[in-house]
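Close look at the chain arrangement
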Amino acid sequence: MYRSIRVAGLIIIFLFLFSGAAKGEVLPGKLIKVAGDNNYPPYEFISDSGVYKGFNNDIIQAISINEELDIELYPMAWQEAMEALEKDEVDVIQGMTISEDRAKLFDFTQSYITKEQVIFVLEGNDYVSSLEDLYGKKISYQANDINTDFIRDIHNIEKLPKENQIIAMEALLNGEADAFIGDRHTGSFYLQKEGIYGRIKIAGEPLKTTYYAIAVKKGNEELLKVLDEGVSNLKTSGTYTKIYNKWFGEVIYEEGHYLKQFLLAAWGAFFVAVMITFFTVLINKRLKDEVAKRTMGLSAANEELNSAKSQLEHNYRLLNNILGSTVSGIIALDKNLEIININSRAEALLKKKALLGTSFKGLELYQYLGNEGISSAFEGNVSTESIKINLEGKDEYIDCAISPVTEEKGIATVICMLTDRTEEIRLKNMLNIQDKMSAVGKLTTSIAYELRNPLTAIKAYIDLLPLKIDNPDFRKRMSEIVPKEIERMNILIASLLDYSKPRPPLPQKIQLKGLFSDIIGLFNPIIRRQGIKLIWDMENIYIWSDRNQIKQVFVNIILNSIEAVSRNGIIKISAKEEGDFALIEIEDNGFGIPEEDLSKIFDVFYTSANKKNGTGMGLSVSYQFVRENGGDIFYESKLGESTKAILRLPLYKSENFQ
């Protein structure tokens, strides 16, 4: 017995010594050359300080220490690394994705991490969610990477292979590519490092989950065995978990973890069930006591309920009386567009009796309103619309405000409030006619006055012509003044034609900054000559207007400012977005406009007393152009200090083309 124990002990000692010696003598004295990608973070990369580091580097270094291997790392481009292993220039590639094609050339250790290959697109790209969505697009990827298999199967694309994944991702960022296919961890690492995580997103689900391992050349079984044992030892000792957490911040669970989690959850569920049963019994007892108490109070509650019901009926009758007395027409609709309430004023406006429960679509009003505003109200929005509706052969003008009624369970009711504006529109049209007649009278008087001056000058020279025809000075002055007066009348008549018969605007997308740059270029010579300081600053704003008309408006306003300021004056131009409009301000520190004249500046032939030249048509035409382009213009001024022109012009929006 004792002898058997002694023999067994000797065998164990022999095996222990043999195994210890073998560990360091598998590859005695051999330097193992290990290649890796030089730019594949966080797996392997050269840092900003020139240090070759990464997850793969830590794994292979830990294996070399545990297995007593002498290694030397060679960072290089991925294609060069694969070629170097095939040509026996290196012995190992420290990290390679396993595939069937690569298995024909290389042998792999057990996988030590799984990877996800995904599609990266720019943040605003919402149409790419799968490989099929990439048809016709430019795709960047790492040359000879595992993703080449995906790219090969996609037809009708422009392939952009790059040296590494970082360069491929930069191709997406700078607009060279529409999408980048690569490793999830590498993409996330780069975006976080550069602080641009919000510019790129992952589109759709992962394309494929792949397995990653250490690779040697096909047939190098001795080295493969040592490396495979090294991976196993790292996992067993816990070193692998520490390295993984260092680079990825997650825990790789050991076998049996999910079983433990399941058993823990099952035990927790059993405990909860026991506690629920206990508390159910306890609560049932208390409920019985509570029911007994509540039963005693039911009679009093019923009396209160009947009283509340009576009050509710009274309130309902009062509400109907209020609705019937209001000056506005009110129609309440449910989600099926059935009328659940309508007051007498609405029926009078629509000249039709409507029964509760009938469809709103049966009213002629619906044919004019349509369904868009009502549908929007059920989504929580308020809309207003002014319509012209023909009822019984007569045009009626009605303002319709459509608003939701919010309830506890959401929006189930919409209110249409109708206001009759027929009489108001009729009176307004009459006033417009009166204004136009008054304007015609003023215009006629102004034209007569403006034309009389040059005609008087011409007549004076014609009357003197028989007497002074032989006078050379007289003939010289006449030849200078008469053509000027005729040209003055010609300019006046041309301005009147532009004012009275303007062409309809042809709106287009206009960049304000570029438009002002062109206009200021026209005035640069006179601005420099007079020493005027021009300050202009504006956002990158686009408006929707007729370019030639709006350009003439700005030219007229800036020209007025130049004439208003003295030498070394200041003109400021600014623009910003305000709601659906661009707000443009042009301010000068010139002589200003008297307060009593501010209401006249857009009148035909109005000219400031301080202005030496001009027909008085510039601001009139400008006002007309601005209004016809859907904008507004007004002036603010302090006499002797400053004048500011303020314009509101519609912003460009994509629906302008719809």
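Note that the coordinates shown come from a computational prediction; the quantities given were computed from them, not determined experimentally.

What counts, and at which threshold
Residues numbered from 1 in each chain as written. Predicted model: local features only at pLDDT ≥ 70, side-chain atom pairs only at ≥ 80, totals over all residues. Heavy atoms only, no water. Phe/Tyr/Trp six-rings, centres within 6.5 Å; stacked < 30°, edge-to-face > 60°. Helix = DSSP H or I, 4+ residues; strand = E, 2+ residues; numbered from the N terminus. Buried < 20%, exposed > 50% of the residue type's maximum accessible area, 1.4 Å probe, protein only. Lys NZ or Arg CZ within 6 Å of the ring centre and 35° of its normal. Core = buried A, V, L, I, M, F, W, Y, C linked by side-chain atoms within 4.5 Å. Contact = heavy atoms within 4.5 Å. Polar contact = N/O pair within 3.5 Å; in protein donor to acceptor, adjacent residues only side chain to side chain. Axes fitted to C-alpha atoms, helices over the stretch in contact; angles between N-to-C directions. Left-handed = near helix turned anticlockwise from the far one by under 90°. Nonpolar A, V, L, I, M, F, W, Y, C, P; charged D, E, K, R; others polar. 1 Å grid on protein atoms, 1.4 Å probe; cavity = no way out; pocket = protein on both sides within 12 Å on 5 of 7 lines; lining within 4 Å. Points joined across faces, edges and corners; volume = space filled by probe spheres on them. pLDDT = per-residue confidence, 0-100. Pairing = 2+ DSSP bridges.

Below, the discussion takes up the packing of aromatic side chains. Across all of its chains, the model carries 18 aromatic pairs by this definition. Ring geometry for Phe 45 and Phe 189: centres 5.4 Å apart, planes at 55 degrees, overall tilted. Placement of the pair is Phe 45 in strand S3 (residues 44-46) and Phe 189 in helix H7 (residues 184-194), with a sequence separation of 144 residues. Its relative accessible area of 9% is what places Phe 45 among the buried residues. Site record: aromatic cluster; members linked through ring pairs are Tyr 40, Tyr 43, Phe 55, Tyr 112, Tyr 212, Tyr 240, Tyr 244 and Phe 248. For Lys 115, the ring lying beneath its charged end belongs to Tyr 43, and the centroid distance is 4.9 Å. The cationic tip of Lys 509 hangs over the ring face of Tyr 542; the distance from NZ or CZ to the ring centre is 4.6 Å.

Right, let's talk about the nonpolar core for a bit. If you look at the biggest cluster of nonpolar residues, it comprises 38 residues, and the most contacted ones within it are Leu 512, Phe 516, Phe 554, Ile 584, Ile 586, Tyr 635 and Leu 647. Of all elements in the fold, only helix H16 (512-529), helix H17 (547-564), strand S21 (570-578), strand S22 (581-588), helix H18 (618-628), strand S23 (632-638) and strand S24 (642-650) reach the threshold of two or more residues within this core. No other element matches H16, which puts seven residues into this core. Beyond its immediate stretch of four places on either side in the chain, Ile 586 contacts Phe 516, Phe 554, Ile 557, Ile 558, Ser 561, Ile 571, Lys 572, Ile 573, Thr 643, Lys 644 and Ala 645. In this structure, Phe 45, Ile 60, Ile 214 and Val 226 belong to the second largest nonpolar core, which totals 29 residues.

Taking burial as the measure, the nine residues of helix H6 (residues 165-173) include seven buried ones, the bulk of the element. Inspection of H6 places Gln 165, Ile 166, Ala 168, Met 169, Ala 171, Leu 172 and Leu 173 among the buried residues, and these make up the whole buried set. Two or three places before Ile 166, at the opening of H6, Asn 164 has a side-chain oxygen 3.1 Å from that residue's backbone nitrogen. Phi turns positive, to about 90 degrees, at Gly 175, one or two residues after H6.

Further remarks concern the packing of H6 against H7. The geometry of H6 relative to H7 is characterised by a closest axis approach of 10 Å and an angle of 65 degrees between their N-to-C directions. Between H6 and H7 the crossing geometry is right-handed. Between H6 and H7, the residues in contact are Gln 165, Ile 166, Met 169, Glu 170 and Leu 173 and Thr 186, Gly 187, Tyr 190 and Leu 191, respectively. Looking at the contact of H6 with H7, its residues break down into five nonpolar, three polar and one charged.

Let's shift gears to empty space enclosed by the protein. According to the stated counting rule, one finds one cavity of 30 Å³ or more in the structure shown. Among the elements that make up the lining of the largest cavity, the one with the highest residue count is strand S6 (residues 92-97) (three residues). For the lining of the largest cavity, the class distribution of residues is four nonpolar, three polar and five charged.

Another point: H18. Where H18 is concerned, the buried positions are Leu 619, Ser 620, Val 621, Ser 622, Gln 624, Phe 625 and Val 626. Just beyond H18, the residue with positive phi is Gly 630, at close to 80 degrees.

Inspection of the secondary structure puts Asp 58 in helix H2 (residues 55-66). Within polar-contact distance, the side chain of Asp 58 engages the side chain of Lys 246 at 2.9 Å. Not counting residues within four places of it along the chain, the set of residues in contact with Asp 58 comprises Ile 243, Lys 246 and Trp 247.

We now examine the environment of Ala 103. Tracing the sequence through the fold places Ala 103 in helix H4 (residues 100-103). A residue is classified by how much of its surface remains accessible, and Ala 103, at 29% relative accessible area, is partly exposed. Distance in space between the C-alpha atoms of Ala 103 and Lys 217 is 9.6 Å, their sequence separation being 114 residues. Excluding its chain neighbours within four sequence positions, the residues that come into contact with Ala 103 are Phe 108 and Lys 218.

All right, on to the confidence of the model for the protein chain then. Fine structural detail should not be taken from predicted coordinates in areas where pLDDT scores are low. Per-residue pLDDT for the protein chain averages 80, and the proportion of residues at 70 or more is 81%. Taken element by element, the predicted model of the protein chain shows its lowest mean pLDDT in helix H1 (residues 2-25) (42) and its highest in strand S7 (residues 106-108) (95). Every residue in residues 1-26 is under pLDDT 50, and counting partners more than four places away or in other chains gives five contacts. Within the model, the stretch residues 251-255 combines pLDDT values under 50 with six contacts to residues more than four positions away or in other chains.

Okay, the side chain of Ser 328 next. Here Ser 328 is to be found in the loop between helix H10 (257-325) and strand S13 (329-334). Relative accessible area serves as the criterion here: at 13%, Ser 328 is assigned to the buried category.

Moving on: the sheet that holds S3. Read from one edge of the open sheet, three strands run S2-S3-S4, paired in antiparallel fashion. Two strands bound the open sheet, and with one partner strand each, they are strand S2 (39-40) and strand S4 (52-53). As paired elements, S3 and S4 share two bridges and run antiparallel to each other. Note that in S4 the partner of Phe 45 across the bridge is Lys 53.

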